[in-house]
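Residues per chain, in single letters:
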Amino acid sequence: MGNSGECASGRARHTRTVAVAAAAAALCLTAAEGASPAAAAEPSYAATTGVGVHNAYEKTTYPYLADALDSGASLLELDVWTNAFGSGWRVSHGNPLGNDNNCENAATPAELRTKARNQSLAGCLADMRAWHDAHPGHRPIVIKTELKDGFYDKSGRGPDDLDALLSGTLGDALLRPADVVGDHADLDQAVRAGAWPTRSALAGKFIVELIPGTVEENNPLDTLWTDREYATHLRDLAAAGQLRRAAAFPAVHTAASGDPRTRYRDAAIRPWFVFFDGDASTYVTKNIDTAWYGTRHYILTMTDAQNVAPAIDGTRPTEAQARARVNELAARHASFATADWYPLPSVLSAVVPRG
């Protein structure tokens, strides 16, 4: 779609196949041959549905993070710990004190798949940058980041610190909130006005989504969760004319009817949420009007796609089953359908029309 890196099926280490609607496939073919299709004919990022991999940092899923990046998936998930009982930003599923992951802190593309794993978030970001340098026109990739126990500002792990880490490592490979806001007042106003770029315009970009973590959400002493803290951060940066510093997008977590942003008492932070993230089965079975997200061009991630009735295997369904589920959730206005389907790269690389 306007960039051979987005459309080409060949890539380093193994082949990926991008599945798109017929019209979109034609645009890819035209672009790969060197023509420039009319911008009006190309869908915006918010008009497509991709596939994501849950906990893509785990070594049992991919030996190296570079393998996850090679997979073709449109979304990859990281779990991050910040508490004072360990140093830095730790990436692991169940160990809050240390790192347990497939990241290796590669300084160059040549170092990918050559170094010791179990690195910090900085090491994961270094791998992403090294991989990006080797694939400068790669598909846009959402890095869904669950802050398991929330920010920890007292130890230098607050929103400003995360912005500095992301910016210092990924730099121009980031899509920032300011890139979407443009001349609009906030993210909500911008995306409802159609500000999301096309997929080809996002070639070579990472988009960082932040959600509150399971530990944070179950901690009765934590009254300032990741979503509210980072949205407040965006509001305050915008008011100070410094929105360009922000490097991530907060998401409203868990499926709910109506406008789930009404849960935030401070109405001034609500327009800074355009990402929404929740359980696919809840969206499907609770009669939630998911068209509300699609018509407003919000990004909607539906998790545990395999559990929507009739349930299919969470890791190794047939390709036909997985594709059918992706198409079903796309029709329900999902921007991403996520599961543990890492053995199915042809499904992971699918991009279909939304709605």
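Fair warning: this is a prediction, and the values are worked out from it, not measured in the lab.

Engineer: Mind laying out the overall build of the protein chain, listing which residues take part and the relevant values?
Structural biologist: Counting its regular elements, the protein chain contains 13 helices and 10 strands. A buried classification covers 54% of the 355 residues belonging to the protein chain. Partitioning the intrachain contacts of the protein chain with sequence separation of at least 6 by distance along the chain shows that 69% fall at a separation of at least 24. By element, 51% of the accessible surface of the protein chain is carried by carbon and sulfur atoms, the whole surface being about 13,600 Å².

Engineer: Lay out the state of the cysteines in plain terms, naming residues and giving numbers.
Structural biologist: Counting across every chain of the model gives one disulfide. Paired through a disulfide, Cys-103 and Cys-124 show a sulfur-sulfur distance of 2.0 Å. Because the sign of the S-S torsion sets the handedness, a value of about 95° for the bond joining Cys-103 and Cys-124 places this disulfide among the right-handed ones. Of this pair, Cys-103 sits in the loop between β3 (90–91) and α4 (121–134) while Cys-124 is found in helix α4, placing the two residues 21 residues apart along the sequence. The pair formed by Cys-103 and Cys-124 is uniform in burial state, with each residue classed as buried.

Engineer: Describe unusual backbone geometry, with residues and values.
Structural biologist: The omega torsion of the bond from Ala-309 to Pro-310 falls at -5°, within 30 degrees of zero and hence cis. Tracing the backbone through its elements, the reader meets Pro-310 in the loop between β8 (299–303) and α12 (319–331). Positive phi, close to 50°, is recorded for Asn-55, a residue that is not glycine. Looking at the secondary structure, you find Asn-55 in the loop between β1 (48–53) and α3 (65–70). With phi around 60°, Asn-105 is a residue other than glycine that occupies positive phi space. With respect to the helices, strands and loops of the structure, Asn-105 is situated in the loop between β3 and α4. Residue classification places Asn-105 among the partly exposed positions, given a relative accessible area of 34%.

Engineer: Give me the packing of aromatic side chains: which residues, what numbers.
Structural biologist: One pass over the full model with this rule turns up 14 aromatic pairs. For the ring pair Tyr-62 and Tyr-342, a centre distance of 6.1 Å and an interplane angle of 65° mean the geometry is edge-to-face. With a gap of 280 residues between them, Tyr-62 in the loop between β1 and α3 and Tyr-342 in the loop between β9 (336–339) and α13 (345–348) connect regions that are remote in the sequence. Judged by relative accessible area, Tyr-62 falls into the buried class, the value being 7%. Judged by relative accessible area, which is 24%, Tyr-342 ranks as partly exposed. The structure contains a cluster of three or more aromatic residues connected by ring pairs, namely Tyr-45, Trp-196, Phe-249, Phe-275 and Phe-336. We note Arg-117 situated over the ring of Tyr-64; from NZ or CZ to the ring centre the distance is 5.2 Å.

Engineer: With reference to specific residues and values, describe the pairing of strand β6 (residues 249–253).
Structural biologist: Of all five residues in β6, five are buried, a share of seventy percent or more. Side chains Phe-249, Ala-251 and His-253 of β6 all project onto a buried face; the interleaved residues Pro-250 and Val-252 project onto the opposite face, where all are buried too. When β6 meets strand β7 (residues 275–279), the two strands line up parallel, connected through three bridges. Across the sheet, residue Ala-251 finds its bridge partner in β7, namely Phe-275.

Engineer: I'd like a rundown of the pattern of salt bridges, residues and numbers included.
Structural biologist: Applying the stated criterion across every chain, the model contains 19 salt bridges. Two residues, Asp-70 and Arg-113, come together in a salt bridge whose shortest N-O distance is 2.7 Å. With Asp-70 in helix α3 and Arg-113 in the loop between β3 and α4, the pair connects residues that are 43 residues apart, well separated along the chain. Arg-245 is the salt-bridge partner of Asp-160, the closest N and O atoms lying 2.7 Å from each other. Taken together, the residues Asp-160 in helix α5 (residues 159–170) and Arg-245 in the loop between α9 (226–239) and β6 connect sequence positions 85 residues apart. Accessibility expressed as a relative area gives 40% for Asp-160, which makes it partly exposed. Given the relative accessible area of 40%, Arg-245 is considered partly exposed. Each of Asp-188, Arg-192, Asp-259 and Arg-261 takes part in a single network of salt bridges with overlapping partners.

Calculation criteria
Residues numbered from 1 in each chain as written. Predicted model: local features only at pLDDT ≥ 70, side-chain atom pairs only at ≥ 80, totals over all residues. Heavy atoms only, no water. Helix = DSSP H or I, 4+ residues; strand = E, 2+ residues; numbered from the N terminus. Buried < 20%, exposed > 50% of the residue type's maximum accessible area, 1.4 Å probe, protein only. Contact = heavy atoms within 4.5 Å. Areas by Shrake-Rupley, 256 points an atom, 1.4 Å probe, with all protein chains shown as cover. Disulfide = S-S within 2.5 Å. Phe/Tyr/Trp six-rings, centres within 6.5 Å; stacked < 30°, edge-to-face > 60°. Lys NZ or Arg CZ within 6 Å of the ring centre and 35° of its normal. Pairing = 2+ DSSP bridges. Salt bridge = Lys/Arg side-chain N within 4 Å of Asp/Glu carboxyl O.

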